[in-house]
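Each chain, written out:
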Amino acid sequence: MAKLTVRADNNNLPHFPHYGNHKVSIFNTSLRPQRLNLFLAQKHNLKFRVSCSITERQKKEAEEKRIILNGLKVNELGKNEGLISTCGDELGTESGDKEVGFEWKWPPWKNLPQRYKLIGTTSLAFVICNMDKVNLSIAIIPMSHQFGWNSSVAGLVQSSFFWGYALSQLPGGWLSKIFGGSLVLEVGVLVWSLATMLVPYLAGFMPALIFSRILVGIGEGVSPSAATALIARTIPLEERSRAVSFVFGGLSFGSVTGLLLAPPLIQNYGWESVFYLFGFLGIAWFSGFQLVKEDRPWSLPESMSWPPSFPRNKSLGELNTSLKDVPWKAFFRSKAVWAMIYAHFCGSWGHYTCLSWLPTYFSEELNLNLTEAAWVSVGPPLASIVVTSIASQFADSLISKGVDTSLVRKICQTIAFLSPATCMILSSVDFGLPPWEVVTILTGGLALSSFALSGLYCTHQDISPEYASILLGITNTVGAVPGIIGVALTGFLLDSTHSWSISLFAPSIFFYLTGTIVWLAFASSKPQSFSEGD
């Protein structure tokens, strides 16, 4: 027996008024090859569905349904035809042509919520960001040999990046608030990528080389504020630690990737290759981001429209008014803001000096070759990726259980400061440790400093989502100063004292310890209005 379901449209059966309140009737009929007379009027259509329950066809039906679920789409071209659907198939009773094809889901992120797409691509931008930052810390070794640079000149070249990085922090924060983090981020990536590709052409002329690195710093300098603006506007408090850790964790992954790729590229294709390749990756990201931010399919030929959250045009007067509306005085009357400023300075001193000089330290002090030095330099950022995921889960778990947010941020930041300080003390004192034990100790300490992503770097958004990008711009401006002073000073002290303990470790230990004291005393995640009248 077969179950026959007739589905009729009220407007198509004027000759059967008793069907006026019924859209479906069900009756049984035998499956003998007979012609079905369904009382069809000449100019009226009737759509009905026959679903077969015969045992012999169950396997075939299951296979047909599986194909349909996997994307087999039947497109009917005759819209006014009567349709018979047998065993789940849509078939035409008339001679209308049918078109069968697969419905591709491309791009793969098409069905993801927009905020996840932006967070994911922002993290990828940070991967490329640190690849372009660490490439010079490896390339500086063959470049110094080729151009005859001493440690002071090498330190000057590396520190020039942070001149631009410091200059772009406040403008980046303000622009992110006005135009949105997405636009500022993509422009920053394009600027630093083009400047990176110029380095091989300008390396022989010191002023031009320094200028190119300043441009790289300017492009990368707006990125933290842009990312902070995105997170503050889209991610709730309970997910914020994980979002910040995922985005800024891209820096650690970028360091790992850059340190692993740079040595074989340099040995096989010359030091110039790392700048060409890493710069090209940034340009490729810029092109792909145009598709992701608009959530448009690849096939659309028309130009992307401006994001709705970003105004197309602002007059100079409007921009000036927006700048004046920022409560600058209220920022600097807050003890919590001053705690963030000093903590950012202290953490950056240890991070930037180690990022720039550890490969040279491993090469010269521990007598490792270029490849070995690069491999062991991968240890801290690689371990940081693991620590970051643990720290973010730890912080969000405590907050979701009702633990005070300020206490959670203080715990995380204290771990981030005391861990590397302790490990640097052990590494700088001559205990007669073999090189690989020194590498292990430094790796562990620097990896635990990633707890700052669930401490300091979340506090800007905790106290003021509205001004989070500007607050990070303020603290990151001060935090970039160690990149300028600390990296160059390390090279100068190294030439003067020939002691890595004095030039590299001692200043970092001092700032880690004093930063811990200030953070515990004055840091807070309590939301603040920053009203000028407060």
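Residues numbered from 1 in each chain as written. Predicted model: local features only at pLDDT ≥ 70, side-chain atom pairs only at ≥ 80, totals over all residues. Heavy atoms only, no water.

Where an unreviewed UniProt entry is consulted, the protein chain appears under the name Major facilitator superfamily (MFS) profile domain-containing protein, with the organism given as Anisodus tanguticus. The annotation that UniProt attaches to the protein chain under Subcellular location (unreviewed entry) is "Plastid, Chloroplast membrane". (UniProt positions renumbered as here; feature names shortened; annotations may be inferred.)

Caption draft 1: Representation of the overall build of the protein chain in the model. When you go through the protein chain residue by residue, the secondary structure sums to 18 helices and 7 strands. Going through the 534 residues of the protein chain one by one, you find that 49% of them count as buried. Across the protein chain, contacts joining residues at least 24 apart in sequence account for 80% of those joining residues at least 6 apart. Within the structure as shown, the protein chain displays about 25700 Å² of accessible surface, and the carbon and sulfur contribution to it stands at 62%. (Helix = DSSP H or I, 4+ residues; strand = E, 2+ residues; numbered from the N terminus. Buried < 20%, exposed > 50% of the residue type's maximum accessible area, 1.4 Å probe, protein only. Contact = heavy atoms within 4.5 Å. Areas by Shrake-Rupley, 256 points an atom, 1.4 Å probe, with all protein chains shown as cover.)

Caption draft 2: Inspection of the nonpolar core at higher detail. Of all hydrophobic cores here, the largest spans 92 residues; its most connected members are Phe 248, Phe 331, Leu 358, Tyr 361, Phe 362, Met 424 and Leu 442. The element that contributes the greatest number of residues to this core is helix H12 (residues 335-364), accounting for 14 residues. The contact partners of Phe 248, leaving out residues within four places of it in the chain, are Phe 126, Pro 224, Thr 228, Leu 453, Tyr 457 and Leu 472. (Core = buried A, V, L, I, M, F, W, Y, C linked by side-chain atoms within 4.5 Å.)

Caption draft 3: Just a nonpolar patch on the surface, in detail. A cluster of nonpolar residues, Ile 425, Leu 426, Val 429, Phe 431 and Leu 433, forms a patch on the protein surface that exposes about 410 Å² of accessible area. Structurally, Leu 433 is set in the loop between helix H14 (405-428) and helix H15 (435-448). Here Leu 433 falls in the partly exposed class, since its relative accessible area comes to 32%. (Patch = residues over 30% accessible without salt bridge, like charges linked within 9 Å, V, L, I, M, F, W, Y side chains within 5 Å. Salt bridge = Lys/Arg side-chain N within 4 Å of Asp/Glu carboxyl O.)

Caption draft 4: Spatial organisation of the packing of aromatic side chains. Applying the stated criterion across every chain, the model contains 26 aromatic pairs. For the pair Phe 161 and Phe 162, a centre-to-centre distance of 4.9 Å together with 90° between the ring planes defines the contact as edge-to-face. Each of the two residues, Phe 161 as well as Phe 162, counts as buried. A connected cluster of aromatic rings, assembled from ring pairs, spans Tyr 342, Phe 345, Trp 349, Phe 510 and Phe 511. (Phe/Tyr/Trp six-rings, centres within 6.5 Å; stacked < 30°, edge-to-face > 60°.)

Caption draft 5: Quick look at helix H8 (residues 237-269). Over its 33 residues, H8 runs 47 Å from end to end, which matches the ideal 48 Å to within 8%, given 1.5 Å per residue. Val 247 marks where H8 bends most, by close to 30°. (Expected span 1.5 Å × (residues − 1). Bend = angle between axes of the 7 residues up to and from the residue.)

Caption draft 6: Examining the side chain of Ser 392 more closely. One can find Ser 392 in helix H13 (residues 370-400). By relative accessible area, which is 4% here, Ser 392 ends up buried. Not counting residues up to four positions away in its chain, the partners in contact with Ser 392 are Ser 241, Arg 242, Ser 245 and Ser 454.

Caption draft 7: The arrangement of the pattern of salt bridges in detail. All chains considered together, the criterion is met by 2 salt bridges. Two residues, Asp 396 and Arg 242, come together in a salt bridge whose shortest N-O distance is 2.8 Å. One end of the pair, Asp 396, is in helix H13; the other, Arg 242, is in helix H8, with 154 residues separating them in the sequence. The partly exposed category is assigned to Arg 242, whose relative accessible area is 37%. Notably, a salt bridge pairs Asp 462 with Arg 409, separated by 2.7 Å at the nearest N-O pair.

Caption draft 8: View of the packing of H14 against helix H16 (residues 456-463). Packing of H14 against H16 brings their axes to within 9 Å, and their N-to-C directions diverge by 160°. Here H14 is positioned roughly antiparallel relative to H16, judged by the angle of their axes. Relative to H16, the crossing made by H14 is left-handed. Residues Thr 405, Arg 409 and Gln 413 of H14 pack against Leu 456, Cys 458, Thr 459 and Asp 462 of H16. (Axes fitted to C-alpha atoms, helices over the stretch in contact; angles between N-to-C directions. Parallel < 35°, antiparallel > 145°, perpendicular 65-115°, else oblique. Left-handed = near helix turned anticlockwise from the far one by under 90°.)

Caption draft 9: Broad picture of empty space enclosed by the protein. Summed over the entire model, instances satisfying the criterion amount to 3 cavities of 30 Å³ or more. In this structure, the largest cavity spans a volume of roughly 740 Å³. Lining the largest cavity we find 42 residues, and of these Asn 130, Leu 251, Ser 252, His 351 and Ser 449 sit closest to its centre. At the level of elements, helix H2 (114-147), helix H7 (223-234), H8, H12, H13, H14 and H16 are the ones that each hand at least two residues to the lining of the largest cavity. A per-element tally of the lining of the largest cavity places H12 first, with 11 residues. In terms of residue class, the lining of the largest cavity is made up of 24 nonpolar, 16 polar and 2 charged. By volume, the second largest cavity amounts to about 70 Å³. Lining the second largest cavity we find Lys 133, Leu 136, Ser 137, Gln 158, Phe 161, Phe 162, Arg 213, Leu 355 and Ser 356. Considered class by class, the residues forming the lining of the second largest cavity number 4 nonpolar, 3 polar and 2 charged. (1 Å grid on protein atoms, 1.4 Å probe; cavity = no way out; pocket = protein on both sides within 12 Å on 5 of 7 lines; lining within 4 Å. Points joined across faces, edges and corners; volume = space filled by probe spheres on them. Nonpolar A, V, L, I, M, F, W, Y, C, P; charged D, E, K, R; others polar.)

Caption draft 10: Representation of the environment of Ala 395. By secondary structure assignment, the location of Ala 395 is in helix H13. A residue is classified by how much of its surface remains accessible, and Ala 395, at 0% relative accessible area, is buried. Distance in space between the C-alpha atoms of Ala 395 and Glu 239 is 9.8 Å, their sequence separation being 156 residues. Beyond its immediate stretch of four places on either side in the chain, Ala 395 contacts Ser 241, Val 408, Arg 409, Cys 412 and Ser 454.

Caption draft 11: Geometry of the packing of helix H4 (residues 169-179) against helix H17 (residues 468-497). In contact at an axis separation of 7 Å, H4 and H17 are set at 175° when each is read in the N-to-C sense. Classed by the angle they form, the pair H4 and H17 counts as roughly antiparallel. Together, Gln 169, Leu 170, Gly 173, Trp 174, Ser 176 and Lys 177 of H4 and Ser 469, Ile 470, Leu 472, Gly 473, Ile 474, Asn 476 and Thr 477 of H17 make up the contact between the two elements. The residue inventory of the contact of H4 with H17, partitioned by class, reads 5 nonpolar, 7 polar and 1 charged.

Caption draft 12: Structural view of the side chain of Asp 132. Summarising the element assignment, Asp 132 is placed in helix H2. Within the structure, the side chain of Asp 132 is placed 2.7 Å from the side chain of Trp 192, a separation counted as a polar contact. (Polar contact = N/O pair within 3.5 Å; in protein donor to acceptor, adjacent residues only side chain to side chain.)

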